[in-house]
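Architecture at a glance
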Number of protein chains: 4
Amino acid sequence: MVRVAILGASGYTGLELIRLLLRHPQARITALATRQAEAPHVSEVHPSLTGQLDLRMEQLTPTEISDRADFVFSCLPHGASAEMVEQLLAAGTKVIDFSADYRLNNLAAYENWYGVKHPNPERMARTVYGLPEFFRDEIREAKLIANPGCYPTSAILALAPLLREKLVSPDGIIVDSKSGVSGAGRNTKPNLHFPECNESFSAYGVGTHRHMPEIDQLLTSIGGTSVEVVFTPHLVPMDRGILSTCYATPTGKATAEQCLEALRAKYECEPFVQVRDDLPTTKDVAGTNHCHLAVRECRGRVIVVSVIDNLIKGASGAAVQNFNLMQGFPETTALHVF
Amino acid sequence: MVRVAILGASGYTGLELIRLLLRHPQARITALATRQAEAPHVSEVHPSLTGQLDLRMEQLTPTEISDRADFVFSCLPHGASAEMVEQLLAAGTKVIDFSADYRLNNLAAYENWYGVKHPNPERMARTVYGLPEFFRDEIREAKLIANPGCYPTSAILALAPLLREKLVSPDGIIVDSKSGVSGAGRNTKPNLHFPECNESFSAYGVGTHRHMPEIDQLLTSIGGTSVEVVFTPHLVPMDRGILSTCYATPTGKATAEQCLEALRAKYECEPFVQVRDDLPTTKDVAGTNHCHLAVRECRGRVIVVSVIDNLIKGASGAAVQNFNLMQGFPETTALHVF
Amino acid sequence: MVRVAILGASGYTGLELIRLLLRHPQARITALATRQAEAPHVSEVHPSLTGQLDLRMEQLTPTEISDRADFVFSCLPHGASAEMVEQLLAAGTKVIDFSADYRLNNLAAYENWYGVKHPNPERMARTVYGLPEFFRDEIREAKLIANPGCYPTSAILALAPLLREKLVSPDGIIVDSKSGVSGAGRNTKPNLHFPECNESFSAYGVGTHRHMPEIDQLLTSIGGTSVEVVFTPHLVPMDRGILSTCYATPTGKATAEQCLEALRAKYECEPFVQVRDDLPTTKDVAGTNHCHLAVRECRGRVIVVSVIDNLIKGASGAAVQNFNLMQGFPETTALHVF
Amino acid sequence: MVRVAILGASGYTGLELIRLLLRHPQARITALATRQAEAPHVSEVHPSLTGQLDLRMEQLTPTEISDRADFVFSCLPHGASAEMVEQLLAAGTKVIDFSADYRLNNLAAYENWYGVKHPNPERMARTVYGLPEFFRDEIREAKLIANPGCYPTSAILALAPLLREKLVSPDGIIVDSKSGVSGAGRNTKPNLHFPECNESFSAYGVGTHRHMPEIDQLLTSIGGTSVEVVFTPHLVPMDRGILSTCYATPTGKATAEQCLEALRAKYECEPFVQVRDDLPTTKDVAGTNHCHLAVRECRGRVIVVSVIDNLIKGASGAAVQNFNLMQGFPETTALHVF
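To start, this report covers the structure provided alongside it. Quick caveat, the model's predicted, so the values are computed rather than measured.

For chain A, the helix and strand inventory stands at twelve helices and 14 strands. Computed over C-alpha atoms, the radius of gyration of chain A comes to 19 Å, within 12% of the 20 Å expected from 2.2 N^0.38 for 338 residues, which places it in the range of a compact globule. In terms of its C-alpha atoms, chain A occupies a principal-axis envelope of roughly 60 × 45 × 40 Å. For chain A, the proportion of its 338 residues judged to be buried stands at 68%. In chain A, the share of contacts with a sequence separation of at least 24, taken over all contacts with a separation of at least 6, comes to 68%. Counting only carbon and sulfur atoms, one obtains 48% of the accessible surface of chain A, whose full area is about 11,000 Å². With 31 positive and 37 negative side-chain charges, chain A shows a separation of 1 Å between the mean positions of the two kinds.

Let's shift gears to the sheet that holds strand β2 (residues 27-33) of chain D. The pairing of strands in a sheet happens through backbone hydrogen bonds and is either parallel or antiparallel. Residues and elements named next belong to chain D. The seven strands are arranged β3-β2-β1-β4-β5-β7-β6 in an open sheet whose pairing can be described as parallel. In the strand order of this sheet, the two ends are held by β3 (57-58) and β6 (128-129), each with one partner. Here strand β1 (residues 2-7) runs beside strand β4 (residues 71-74); their pairing, made up of four bridges, is parallel. For Ala-5, the partnering residue across the bridge sits in β4 and is Val-72.

Let us now look at the interface of chain C and chain D. Across the contact, 20 residues belong to chain C and 20 residues belong to chain D. Both faces considered, chain C and chain D share a buried interface measuring about 1,600 Å² in area, 58% of it formed by carbon and sulfur atoms. Seen at the junction of chain C and chain D, the total is two salt bridges. As a salt-bridge pair, Glu-196 of chain D and Arg-186 of chain C come within 3.2 Å of each other at their nearest N and O atoms. Counting every contact that joins chain C to chain D gives ten residue pairs in polar contact (both at pLDDT 80 or more). Broken down by element, the side of chain C that touches chain D gets its largest block of residues, four residues, from helix α9 (residues 194-197) of chain C. When grouped by side-chain class, the residues that make up the side of chain C that touches chain D number nine nonpolar, six polar and five charged.

Looking now at unusual backbone geometry. The phi torsion at Arg-299 of chain A lies on the positive side, around 50 degrees, for a residue other than glycine. Assignment of secondary structure puts Arg-299 of chain A in the loop between β13 (291-298) and β14 (301-308). A positive phi angle, close to 55 degrees, is found at Lys-166 of chain D, a residue other than glycine. Along the chain, Lys-166 of chain D turns up in the loop between α8 (150-164) and β8 (174-179). When its relative accessible area of 47% is taken as the criterion, Lys-166 of chain D is described as partly exposed.

What follows covers the relation of the copies chain A and chain D. Between chain A and chain D, which share one sequence, the superposing operator has a rotation angle of 180 degrees and an axial displacement of 0.0 Å; the RMSD is 0.0 Å. Taken together, the turn and the small shift mark the pair as related by a two-fold rotation axis. When the interface residues of chain A are mapped onto chain D, 100% of them are again interface residues, pointing to one common binding face.

Here we take up the interface of chain A and chain D. Buried accessible area, meaning the area lost when the parts come together, often serves as the stated size of an interface. Counting residues at the interface gives 42 residues for chain A, matched by 42 residues for chain D. The largest share of the area that chain A buries against chain D comes from Glu-199, Phe-201 and Arg-299 of chain A, three residues that together contribute 21% of it. The tally of links from chain A across to chain D stands at six salt bridges. For Arg-299 of chain A, the salt bridge identified is with Asp-216 of chain D, shortest N-O distance 2.6 Å. Taken together, the connections running from chain A to chain D amount to 26 residue pairs in polar contact (both at pLDDT 80 or more). The set of elements that each furnish at least two residues to the side of chain A that touches chain D consists of β8 (174-179), α9 (194-197), β9 (202-203), α10 (211-223), β10 (230-235), β11 (242-248), β13 and β14 of chain A. Its residues assigned to classes, the side of chain A that touches chain D shows 19 nonpolar, eleven polar and twelve charged.

All names here are of chain A. Inspection of helix α4 (residues 80-90) places Ala-80, Ser-81, Ala-82, Met-84, Val-85, Leu-88 and Leu-89 among the buried residues, and these make up the whole buried set. The arc enclosing the buried residues of α4, seen along the axis, measures out at 165 degrees, which places them on a common side. Facing away from the buried side of α4 by more than 90 degrees, the exposed set consists of Glu-83 and Ala-90. Elements that come into contact with the buried residues of α4 comprise β1 (2-7), α3 (62-68), β4 (71-74), β5 (94-97), α6 (121-124) and β7 (144-146). Two residues or fewer after α4 comes Gly-92, characterised by a positive phi angle close to 90 degrees.

What follows is about the relation of the copies chain C and chain D. Of the transformation superimposing chain C on chain D, the axial component is 0.0 Å and the angular component is 180 degrees, with the fit at an RMSD of 0.0 Å. A shared binding surface is used by both copies, with 100% of the interface residues of chain C retained as interface residues in chain D.

Residue and element names in this part refer to chain D. If you trace the backbone, Gln-321 turns up in helix α12 (residues 312-327). By relative accessible area, Gln-321 is classed as buried at 0%. Sequence separation between Gln-321 and Val-2 is 319 residues; the distance between their C-alpha atoms is 15 Å. A polar atom in the side chain of Gln-321 sits 3.0 Å from the side chain of Lys-313.

Moving on: the state of the cysteines. By the definition in use, this model includes zero disulfides over all chains. Cys-298 of chain B takes part in no disulfide bond, and the closest cysteine sulfur to it belongs to Cys-259 of chain B, at a distance of 14 Å. Lacking any disulfide linkage, Cys-197 of chain C is separated from the closest cysteine sulfur, that of Cys-197 of chain D, by 11 Å.

This next bit is on helix α1 (residues 12-22) of chain C. The buried count for α1 of chain C comes to nine of eleven residues, which makes it a mostly enclosed element. Of the positions making up α1 of chain C, those classed as buried are Tyr-12, Gly-14, Leu-15, Glu-16, Leu-17, Ile-18, Arg-19, Leu-20 and Leu-21 of chain C. Residues of α1 of chain C that are buried make contact with β1 (2-7), β2 (27-33), α2 (42-45), β4 (71-74) and α12 (312-327) of chain C together with α9 (194-197) of chain D.

Here the focus is the side chain of Lys-313 of chain C. Here Lys-313 of chain C shows up in helix α12. Residue contacts for Lys-313 of chain C: discarding those within four places in its chain leaves Glu-133, Thr-153, Leu-157, Phe-272, Thr-288, Asn-289, His-290, Ile-308, Ala-318 and Gln-321 of chain C.

Below, the discussion takes up the side chain of Gln-321 of chain A. Within the local environment of Gln-321 of chain A, its side chain forms a polar contact with the side chain of Glu-331 of chain A, the two groups lying 2.7 Å apart. Not counting residues within four places of it along the chain, the set of residues in contact with Gln-321 of chain A comprises Pro-132, Glu-133, Arg-136, Phe-272, Asn-289, Lys-313, Glu-331 and Leu-335 of chain A.

Residue and element names in this part refer to chain D. The two faces of strand β5 (residues 94-97) match: Lys-94 and Ile-96 on one face and Val-95 and Asp-97 on the other face are all buried. Looking at chain direction, β4 and β5 are connected through four bridges and run parallel. Looking at the pairing, Ser-74 lines up with Asp-97 of β5. Once the chain exits β4 it traverses helix α4 (residues 80-90) before rejoining the sheet at β5, and the crossover so formed is right-handed. Bridge count for β5 against strand β7 (residues 144-146) is three bridges, and the pairing is parallel. Within β7, the position partnered with Asp-97 by the bridge is Ala-146.

Each value, and the rule that gives it
- Residues numbered from 1 in each chain as written.
- Chains lettered and ligands numbered in written order.
- Predicted model: local features only at pLDDT ≥ 70, side-chain atom pairs only at ≥ 80, totals over all residues.
- Heavy atoms only, no water.
- Helix = DSSP H or I, 4+ residues; strand = E, 2+ residues; numbered from the N terminus.
- Rg over C-alpha atoms; globule rule 2.2 N^0.38 Å.
- Buried < 20%, exposed > 50% of the residue type's maximum accessible area, 1.4 Å probe, protein only.
- Contact = heavy atoms within 4.5 Å.
- Areas by Shrake-Rupley, 256 points an atom, 1.4 Å probe, with all protein chains shown as cover.
- Lys, Arg positive; Asp, Glu negative; His and termini not counted.
- Charge placed at Lys NZ, Arg CZ, Asp CG, Glu CD.
- Pairing = 2+ DSSP bridges.
- Buried area = accessible area lost by both parts, 1.4 Å probe.
- Salt bridge = Lys/Arg side-chain N within 4 Å of Asp/Glu carboxyl O.
- Polar contact = N/O pair within 3.5 Å; in protein donor to acceptor, adjacent residues only side chain to side chain.
- Nonpolar A, V, L, I, M, F, W, Y, C, P; charged D, E, K, R; others polar.
- Least-squares fit on C-alpha atoms with pLDDT ≥ 70 in both.
- Arc of directions from axis to C-beta.
- Disulfide = S-S within 2.5 Å.
- Right-handed = clockwise from strand over helix to strand, strands pointing away.

Have a look at this one:
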């Protein structure tokens, strides 16, 4: 039984992570750390856990956390997370970091896009990006995992195999993504007030969203050639789900059919990626760790439609998948099926 | 052309009022007053007004308001509103007050339920309650109108005619109301954050909501006998609309059929109340100044189902209806049909 | 490993049941029966099961079903279900019936409310009603279970302990219930077309809903005195969840506090019923097999607010809970926590 | 007073048209024609019109319609509409056709995309496309108007000025559009059943939607050079609104700033198109005849975000705008502001 602590467990990814871990036969949640001074019972923060988990959220030092837990999931925001990570690792605790602190391998890009100093820049390029479909072996050996962003997961799973196989050009890729509102977190904001957000659809962060350099970096490293995408996120009036419509230009005589086959070949043995003939909806994967993909062709473009649950495959489910790999458990434990 | 000012125009009832008044051939909006120091253009606060109304929201004294406007709609919260009203009235400006400050006629009840001192208690019992279906003549003569609460409007229109006709007992009435989220206002709150509120239904303020004494007072005064209702509001994951399910016990040999006939007789000539055979939905009246009513019977109870749009018939539409009456305009101006 | 068949698996309760059973370590789904001639793969009917369950939906005789399965969950509609049940039981197959065919113990009431002849009327009064909180011992011994209706579950859990303890009067009880749209099933209907149903709230079946006699019967049998409730269902624009606002009159000097304590005492050891101080929302129990209860008092009435997920505790989760009891498995298998 | 008839008034565009015309001081609705044999009162089909319009929907011949009305709005589907139009025009009745029958000017394209024979092919190329922002003068003189499609309106207003000014290349344009569900009409379909559609986002008709050739044709004719766009529609779980994210490549040294200025210059005097600095949401234009536009730049692409209400500016509001032009009324009658 692995003793597990969660940092920053009061948000939506924290709740989802608790739900998954409560089902996990080899994990036991032993600490919930918070940065606030009050120590509310977890069921006060997440009423849906009433009667399910008898823990308080506590203000804990890294030492206290390492004493109580063998494994830490950090749901802290960027900057705050990296500060904790070094001390936890030094104490021998394994960490999966949900923040962006160790996703980018380039310090200048990090400081430019995130606007903060990085406390451990030398660790950036050495940290494994927790996307099992591409880095499974490295994840198995890792002590620290950078858990992927939600939008990047949907885009990379759709595009990376096509780039690696040179079926699409690295130029001119557009990722038009649409996300449910839980992706914006649990803090109130005027534009996320129910009557503002409900019955409304909007674009935001066009050309300025921090997931853009993350998508670039991974498509570049997996594809083996420099990629810069146009990334446009949108907000959908629903709780959860991401659909990314990815536009790319086939190379030479490559066809949509070949792209479809490349995706099928890549994901044939993957437990959590399904390539479909019909178009998937976000509801098809809601509450699951799955990604569904479909391919279409239109006027010289190949279009890959990709859907995930932003809180599961886009965050907490991916983290549990990584946890299973790092601990040597069957990869689908606590994730199969729903 | 009547020059009109709106106080506290940054909320949802303010926006709805502006929309209605922009359609009104005899009203011109000349001032939008706010309590904040910044003076944003109205289209910054309400982007849907872009290109429609070229006014800034300004911090204005009562004197400045009375100089610029003949008629004031106050969408300020209780307490804040009453402070302004006296000075506006003294300057000869007519006022429709959206707050609860002049709805209750009993000082002790006001101070008990609203927890503030009333600045003009002597005016409380003299102010006309702006429900034209019951107080049309008084409204025509009034200088100040207390615009009714949204829940009370839905409940009073359903029940008052039955009480007045002694068709139902004043005892044991239950008003189980359900409202869209715009009724909770435009300020962000954790429970109104989209992912908390969406896909969720809840009760709130059970037995403690401030509209309960307002319903009691009006049903008592119209019905001619003391009434105390059990009032239970609920929050529906939608923008607008109230449905009240009102349970009452018929007196003697009264039947649901007689109750239906009493409602039909009462509202036969009313432009904004329709009595229907089939059950109405909130969508049937969304965006309109109408109230739809239907009657059912079950095991010795008569059940009246009442629907309104909380922002229109429950607030801004009722205010424009009152404005029309006070100014001698046709009552349906700017309100008919949608 | 128990071999399990599901009849009528194409609807929402069928999908939810498959999801739960796929997590169940001692159940294996071996047959999905349908009444249609086509034999679609389950993932064509439920795309969210893509890659999760490799079965076709087939037209199967009772004999074929009994050959393949030890245990049958019937999600067929009333009438159709009873016809299958007798043959399955005769072949020694245990059955949990989701329909209303064996819920009512009174043939005349059944034929009156459901408008069909009952094929096995003699079995009606002998069938166990599958509400473990009240009939756990009987369920353990049963070969056939009538799985409770969704609305009745929410109402009975709220009110039955109060009636049994004589804390509330059997007279004048009102159950004002609100349900998400999945409760109306998967068949398209004009009023459930998205743009009709979305952003709208409505009452339906006021005084005529078939769950009313079911609530009456159970409250009467558990409470030990004749009960007839006024039951008013409403449709909430959301996928899942039921909230029932239950109004009752305390007897003698009974208080809301005593009612709260009676509920706490009754459910103290129940894994799936939580009594809370604050008011629950349907989201608090969405996706879970839990019922949350809270008590309020207003003007001589006690008000119990009850929330469940209509597809889980109100249908498929309750069925799995019953399955666990009938098979001697730990009662929370596959249900704890989410 | 113009006597107006509506054909096919039972759908969402029909209801919206009735609402707008009831506000129109110079229009009187004199006939509602339907293809069904029953003649329901309009309030049975549209309960929101209870007490507002006392007309039945009737099965009427073209002659009967022309006798009763000077002006016809046809909301019939393609194919059915063209059959009526010729007879109405022959009788001297002006017509605005909501269907696609007269939008395309190319018979082969029409028959290919719509799969039906065209009854009056010779009229196709002569019919004016009812987009006042580009064809105002022609609309004023027309007897028949092809009312634009909803998606095309959003895309053409965003892109046509940039193509005409040679600021963007005609090659490689992508229109990624998202629509509320009312755009799919009032007929029930499994994928539009509330629990299927709610809380779900999906792409559909990728590369095969009939609005694609309409967008091509108009951008080509206004832009003066052959354009073929990639058009990808998506379904948003909300009632109304379209947001189109339009990607184009600037020509030569053109900048996003110049594109913005070109849009401002083009629409400066247009009553219903606003060019904004901040990003618009569909809610900003819900219930209005307005289109809001904003421009962004990212990695060599210019991105125009365009929002309209699909039922108003995308259908019935545009039709009333055209009606006003054809009749010589002020263009904004019944449309300003909300």
